[in-house]
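# Descriptive structure summary
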Amino acid sequence: MLYELNYKDEIEALQDDGDFEAKGDLQYLDHEVDEARLQWAFYRPSGSHPKQVSDKNVLVAIMAFNHSRLRPLERFSIVNPQVILDDTLRIKIRNRSRMLFRAMVDDDFKELVSVLEKYPVFMDLAYDQMINGRIWNETYADPYAASRFLELAGKRVDEKLIAGLKRRLQPLKSFNADEAKNYLELLNSQVQKLHNIIKAHYVKEFEDWMKHTSLHPLQKIVWQKQISQLKDL
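First things first, this report covers the structure right here in the doc. Given the structure is predicted, the values throughout are model-derived calculations rather than measurements.

### Examining the overall build of the protein
- For the protein, the helix and strand inventory stands at 16 helices and 0 strands.
- Here the C-alpha radius of gyration of the protein, 24 Å, is well above what a compact globule of 233 residues would show, namely 17 Å.
- Seen through its C-alpha atoms, the protein measures out along the principal axes to roughly 80 × 40 × 25 Å.
- Sequence separation of 24 or more characterises 62% of the internal contacts of the protein that already satisfy a separation of 6 or more.
- Of the roughly 13,200 Å² of accessible surface on the protein, a fraction of 51% belongs to carbon and sulfur atoms.
- Here the protein contributes 34 positive and 36 negative side-chain charges, whose respective centroids are spaced 9 Å apart.

### Regarding the pattern of salt bridges
- Summed over all chains, the structure comprises 16 salt bridges.
- With a closest N to O distance of 3.4 Å, Asp-124 and Arg-94 form a salt bridge. Taken as a pair, Asp-124 in helix H11 (residues 123-132) and Arg-94 in helix H9 (residues 94-105) lie far apart in primary sequence, 30 residues in all.
- For Asp-124, a relative accessible area of 31% puts it in the partly exposed group.
- Assessed through its relative accessible area of 33%, Arg-94 is described here as partly exposed.
- One connected set of salt bridges, linked through shared partners, spans Glu-21, Asp-25 and Arg-44.

### Comments concerning the environment of Gly-18
- As for its position among the elements, Gly-18 is in the loop between helix H1 (8-14) and helix H2 (20-28).
- Judged by relative accessible area, Gly-18 falls into the partly exposed class, the value being 47%.

### Digging into empty space enclosed by the protein
- Following the criterion strictly, the structure yields 1 cavity of 30 Å³ or more and no others.
- Reported here for the largest cavity is a volume of approximately 30 Å³.
- Forming the walls of the largest cavity are Asp-106, Ile-135, Asn-137, Thr-139, Tyr-140, Arg-167 and Arg-168.
- Residues belonging to the lining of the largest cavity are distributed by class as follows: 2 nonpolar, 2 polar and 3 charged.

Calculation criteria
- Residues numbered from 1 in each chain as written.
- Predicted model: local features only at pLDDT ≥ 70, side-chain atom pairs only at ≥ 80, totals over all residues.
- Heavy atoms only, no water.
- Helix = DSSP H or I, 4+ residues; strand = E, 2+ residues; numbered from the N terminus.
- Rg over C-alpha atoms; globule rule 2.2 N^0.38 Å.
- Contact = heavy atoms within 4.5 Å.
- Areas by Shrake-Rupley, 256 points an atom, 1.4 Å probe, with all protein chains shown as cover.
- Lys, Arg positive; Asp, Glu negative; His and termini not counted.
- Charge placed at Lys NZ, Arg CZ, Asp CG, Glu CD.
- Salt bridge = Lys/Arg side-chain N within 4 Å of Asp/Glu carboxyl O.
- Buried < 20%, exposed > 50% of the residue type's maximum accessible area, 1.4 Å probe, protein only.
- 1 Å grid on protein atoms, 1.4 Å probe; cavity = no way out; pocket = protein on both sides within 12 Å on 5 of 7 lines; lining within 4 Å.
- Points joined across faces, edges and corners; volume = space filled by probe spheres on them.
- Nonpolar A, V, L, I, M, F, W, Y, C, P; charged D, E, K, R; others polar.

The values are spatial; any link to function lies outside them.
See below:
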């Protein structure tokens with residue numbers, strides 16, 4: 001169903017008064033006419049309200065989802081589920097969803113995993129961003145979240161996906177001995193929860209780090225013993 005912009009002039013008139021957003025929320029968030037709620041989701045200055053993202057009308061929810069400024073996990077958690085579960089409706093949020101998955105893949109993976117656990121239908125977007133997305137910041141993937149992602153990916157795991165994921169894991173080359181020790185302790189504390197691919201990656205990374213670090217032979221023995229805890233026995 002398509003709406004004419006019957007409320008456009010009415011909403012724009014509110015801009016001449018102070019407290020535009022507060023007055024608009026009061027007048028339109030619970031408006032009985034779907035068209036009014038739809039247009040307020042578009043015009044609301046600070047992005048759509050969470051209430052609009054979960055609106056019972058799917059067109060309002062779609063508009064609000066696309067104009068929201070909420071973090072990805074919160075946005076996917078509260079959106080009217082029909083928008084995602086219906087293939088035709090999901091297309092209407094695909095561009096915005098792609099941007100959100102780009103952000104989640106470029107973060108620590110915790111939100112990424114939570115969204116995929118709720119809506120596995122988005123694995124195609126996650127896969128695409130993992131292999132093709134650029135790295136924009138220095139936030140590295142949490143090892144456990146990365147392991148959980150691989151579990152969720154299941155049969156989608158291939159060489160391209162693994163390569164993309166490894167690019168987003170914490171590198172060790174710039175670590176001093178204390179930093180490397182702390183990170184190895186973190187990994188060993190989670191070892192039962194880590195995917196074999198993650199463990200194998202860090203075994204190699206730590207062994208390479210040792211080769212380029214000045215360590216006493218006895219220290220190397222201790223380090224190798226700690227690294228061996230990541231190996232599958």
